[in-house]
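# Architecture at a glance
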Amino acid sequence: MTEGVRIEVTGPVAEIVIDNPPVNAIGRKLRLALVEAFDAVEADPAVQAVVLSAAGRTWPVGADIREFGLPPEAPLLPDVCNRIADCEKPVVAALHGNVLGGGLELALGARYRIAPEGTRFGFPEVALGLIPGAGGTQRLPRLVGAGPALDMILSGAAIGTERALEIGLIDAVGENDIAAEARALASEFATLGQEAYPAHDAERGLKDPVTFVEAVDAARARLRAEQLPAPARIVDCVEAALLLPFESGMAFERAAFEDLLASPESAALRHAFLAERRAARVPEASATPRDISHVGVVGGGMMGAGITSSLLSAGLRVTLVERDVDALSAGLAQIAKTHERAVAKGRLTPAARGEEWSRLRGSTDLQALAPVDLVIEAVTEDEEVKREVFARLDGVLRPGAILATNTSYLDINRIAGATQRPEDVIGLHFFAPAPVMRLLEVVVAERTAPEIVATAFDLARRLGKVAVRAGVCDGFIGNRILTAYRTAADFLMEDGASPYQIDAAMKAYGFPMGPYAAQDLSGLDISWARRKRLAATRDPARRYVAIGDHLCEAGRLGRKAGRGYYLYPEGARDGQEDPEVLALISRGRLEKGITPRRVSSEEIRARCVAAMANEGARILEEGVALRPSDIDVVMLLGFGFPRHRGGPMQAADQRGLLALRNELRGYAAADGPGAWLWQPGALWDELIKNGKKFASLNGD
Ligand code: T1G
């Protein structure tokens, strides 16, 4: 049989087994093999009934996302699903694992569907900026009605067997050897003969058109103006399942699917999906990770407590060390609060909380860390303090234990230099709040051993985080690009834009909040400390905007101080614009002899994204990041870059590198002392002259 499918005939039952590891993704070869398999079993007079099953850990999880950028090749997935539905012999689908997307559409082509407990069913296409494009928007509402169909397809959320049985998506919940049960059912059908099959109405969802229309209208009313294009198309297609004959509905769905497939939003969302998984492909992946079961955390502040909660959730034993009892108690209280919130929200049972808590120890003595496999240091962002902690840890930890620092931009080579074991030192840069943020920057110092990197990536997987490999530089990947973004914004603010206009422009681009509201939230003193640290080495000829320093000098440290770029009366969550800040900015311009100019929102967005992409190009040239898509993953998961834009490097590719490089050159020429921010490096010319995009550097 063609690759990816085998047929096993037992008596009157033919079982077609899909076997395309790791997740039975449906690419062209598999589509062809399935059509050939159904042609074969239909032509075989000995076969009276068919079972469609899947080998491995899951039923097909969907169409092969990697094929979407390629020209479509027959047979298309809708044709495969129709082939199954048109099979003259009853088809029983034996489902298990994640029955998603095109995989669920395959299952909907069958006459009967059975699955064991634990099987999940969903249409995640909306998260890729798409809609089910192989009959899902037509067959599902016909089977289960518009309400449950719209809930599934608009949310992209999976449902379990109980809900699937309740809405009629599956016909029975079976035991674990679901293929055997399916063969028995098919054998019954083969023996009973066509007329005896239990009545199975694949159109029962259309029986109540009034309810159907009400569900469509309600869903359409909930759509929001700024939403991406896919949700509205989903509602239109589900409505078409009621209003149009099946073939016309399929054509209507296909047209919508092709529109969305060609959209920049979907290209960005598919890019993000694959980029997150590509990040795990690091040169050190072949090294053997060390066993980690007991982790020490030094520092029980916001980050240390958050990291501890994350480690406990992953089933690890943790010893938290703080300098004194008060600090330790505060850290433990923070962890208890996180537990309480999880229990209150039903994410954690009280018993599970108790079990997690039983794996936690607290101490004020570093000696308590002697037995641990790995220590994560999360003390204050001061190089000397960290070096002192590492020197002491070096004398306490057993040979082979790993020392990790959570620093967000300090030089890890210098921190490692405080120990006798630099090859066991690495950066694990978590993002606040650590239990929630999925990003982990794994910062590899000059002498870090390969198996330490492999251990860090293995730990990230166990924590449910996406690890991205970074080299040592000031700010690694994310904070370095954030600095470029903020600098571009500061230049615009000094040139004539207000911080409030800049924030609004970047929110309109898709950021959850603008750069100034974000600084108020995290506290202006953090970046102020960094600017002061770098002041001695700053090139005086370079443009430098001191507005942020002036705000800090005036005690305006952000939301925690009740005022920063915005005012927060009585600790209000959302800031109010403050004329005092505008006056302070005007004074700053006056001192520098700058006549403010009108700045458009389009220019704000263009400059900020260009600055991020240009810093990303520099990071690539310096080898700090392995590939452009790693930079995108960092900005998407750690810094709120809108997912439907794909990240700064994807956005640059979408914009066009020649146009963007010329734009950067224009900014550099116009910006005089600020040219240093904009100057495009050699990588731009290299890619442009070869007609390549940043994506060509991602490998695959
Ligand atoms: N296509 C290609 N490769 C895929 C894939 C897919 N759909 N899904 C997973 N992989 C790869 C993934 O890149 C990784 O590869 C490996 O499988 C393990 O994945 C026409 C248009 C099912 C929840 O969106 O959500 O059908 O990095 O690490 O954590 O209507 O995979 O090892 O080389 O994620 O156990 C709709 C996407 C597609 C499901 C399992 N389906 N997949 O998670 O494993 S569009 C989806 C997932 C479609 C039709 C429409 C997850 C998972 P590598 P993993 P996991």
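Fair warning: this is a prediction, and the values are worked out from it, not measured in the lab. Starting afresh in each chain, residues are numbered from 1 along the sequence in its written order. Restriction of local features to residues with pLDDT of at least 70 applies here, the model being predicted, together with a cutoff of 80 or more for giving and counting side-chain atom pairs; totals for whole chains, interfaces and linings are based on all residues. Heavy atoms throughout the structure, all of them, feed into the side-chain values; hydrogens and water do not.

## Thoughts on the site of the ligand
One heavy atom within 4 Å of a molecule or strand makes the whole residue count as near it. Around the ligand lies a shell of 25 residues, among which Val 61, Ala 63, Gly 102, Glu 105 and Arg 277 are the nearest. At 2.8 Å from an oxygen atom of the ligand is found a main-chain nitrogen or oxygen belonging to Gly 102. For the ligand, the protein covers 75% of the area, taking 1000 Å² as the surface of the free molecule. The nonpolar class holds Ala, Val, Leu, Ile, Met, Phe, Trp, Tyr, Cys and Pro. Asp, Glu, Lys and Arg form the charged class, and all remaining residues, Gly among them, are polar. Among the residues forming the shell around the ligand, the class breakdown is 14 nonpolar, four polar and seven charged. Throughout this description, a polar contact denotes any pair of N or O atoms lying within 3.5 Å of each other; where both atoms belong to protein, one of them has to be capable of donating a hydrogen while the other can accept it, and for residues adjacent in sequence the pair is counted only when both atoms sit in side chains. All accessible areas in this document rest on Shrake-Rupley with a 1.4 Å probe, and a residue is counted as covered only by the protein chains that are shown.

## Section: the environment of Ala 488
Considering the arrangement of structural elements, one finds Ala 488 in helix α18 (residues 478-495). Distance in space between the C-alpha atoms of Ala 488 and Leu 658 is 20 Å, their sequence separation being 170 residues. By the convention used here, residues are in contact when the closest approach between their heavy atoms is within 4.5 Å. What Ala 488 contacts, discounting residues up to four positions off in sequence, is Arg 607, Cys 608, Ala 611, Leu 677 and Trp 678. Numbered from the N terminus, helices here are DSSP runs of H or I no shorter than four residues, and strands are runs of E no shorter than two.

## What to know about empty space enclosed by the protein
Picture a little ball the size of a water molecule; that probe, rolled over the atoms, points out where space is still empty. Using a 1 Å grid laid over the protein atoms alone, points where a 1.4 Å probe fits but cannot get out form a cavity; open sets with protein on both sides within 12 Å along at least 5 of 7 lines form a pocket; any residue with an atom within 4 Å of a point counts as lining. Grid points are joined across faces, edges and corners, and a volume is the space filled by probe spheres set on the points. Tallied over the full model, the rule gives one cavity of 30 Å³ or more. Each pocket or cavity is described by its volume, and for the largest cavity that value is around 50 Å³. It is helix α17 (residues 450-462) that provides the largest number of residues to the lining of the largest cavity, a total of four residues. Counted by class, the lining of the largest cavity contains seven nonpolar, one polar and no charged residues.

## Re the packing of α18 against helix α20 (residues 515-522)
Lines fitted to C-alpha atoms define the axes, with helix axes restricted to the stretch in contact, and inter-axis angles between N-to-C directions lie between 0 and 180 degrees. Between α18 and α20, the least distance of the axes is 10 Å, while the angle of their chain directions is 120°. Between α18 and α20 the crossing geometry is left-handed. Side by side, α18 and α20 meet where Tyr 485, Arg 486, Ala 489, Asp 490 and Met 493 of the first sit next to Pro 515, Tyr 516, Gln 519 and Ser 522 of the second. The class makeup of the residues in the contact of α18 with α20 is five nonpolar, two polar and two charged. Two helices cross in a left-handed way if the nearer one is turned anticlockwise from the farther one by less than a right angle. They cross in a right-handed way if the turn is clockwise.

## Remarks on the packing of aromatic side chains
The rule is short: rings of Phe, Tyr and Trp, with Trp giving its six-membered ring, pair when the centres are within 6.5 Å, and they are stacked under 30 degrees, edge-to-face over 60, tilted in between. Scanning the model with the defined rule gives twelve aromatic pairs in all. Arranged with centres 5.4 Å apart and planes meeting at 80°, the rings of Phe 431 and Phe 639 form a pair that is edge-to-face. Of this pair, Phe 431 sits in the loop between β14 (425-430) and β15 (439-444) while Phe 639 sits in the loop between α25 (628-638) and α26 (648-655); the two residues are 208 residues apart in sequence, bridging distant segments of the chain. On the basis of relative accessible area, Phe 639 is assigned to the buried category, the value being 17%. Just above the ring of Tyr 409 sits the side chain of Arg 530; from NZ or CZ to the centre is 5.1 Å. Positioned above the aromatic ring of Phe 491 is the side chain of Arg 543, whose terminal nitrogen or guanidinium carbon lies 4.3 Å from the ring centre. Throughout this description, buried means an accessible area under 20% of the type-specific maximum (1.4 Å probe, protein chains only), exposed means over 50%, and partly exposed covers the range between. Charges are assigned to positions over rings by a cutoff of 6 Å between ring centre and Lys NZ or Arg CZ, combined with an angular limit of 35 degrees from the ring normal.

## Section: α25
One turn of the α-helix equals 3.6 residues, which is why residues spaced by three or four share an orientation. Among the eleven residues of α25, eleven are classified as buried, and the element is accordingly described as predominantly covered. Where α25 is concerned, the buried positions are Pro 628, Ser 629, Asp 630, Ile 631, Asp 632, Val 633, Val 634, Met 635, Leu 636, Leu 637 and Gly 638. Residues of α25 that are buried in the fold lie against α11 (264-278), β15, β16 (466-471), α18, α24 (601-621) and α26. Just downstream of α25 lies Gly 640, where phi reads positive at about 75°.

## With respect to the domain arrangement of the chain
For the purposes of this description, domain bounds are those given by an automatic or database domain assignment. Partitioning the chain into structural domains gives domain 1 (5-262), domain 2 (294-475) and domain 3 (479-623 + 626-697). For domain 2 versus domain 3, the separation of C-alpha centres amounts to 30 Å. Taken residue by residue, the interface counts 15 residues in domain 2 and 13 residues in domain 3. Interface of domain 2 and domain 3: buried area, both sides summed, is about 1300 Å²; carbon and sulfur atoms make up 61% of it. When residues of domain 2 are sorted by the area they lose upon contact with domain 3, Tyr 409, Leu 439 and Asp 474 head the list and together hold 36% of the total. Salt bridges are defined as contacts in which a side-chain nitrogen from Lys or Arg sits within 4 Å of a carboxyl oxygen from Asp or Glu. The interface formed by domain 2 and domain 3 holds two salt bridges in total. Across the pair Arg 533 and Asp 474 runs a salt bridge, and its minimum N-O distance is 3.6 Å. The tally of links from domain 2 across to domain 3 stands at four residue pairs in polar contact (both at pLDDT 80 or more). Looking at the side of domain 2 that touches domain 3, the elements with two or more residues in it are β15 and β16. By convention, the term buried area covers the 1.4 Å-probe accessible surface removed from two parts as they join, with the contributions of both added.

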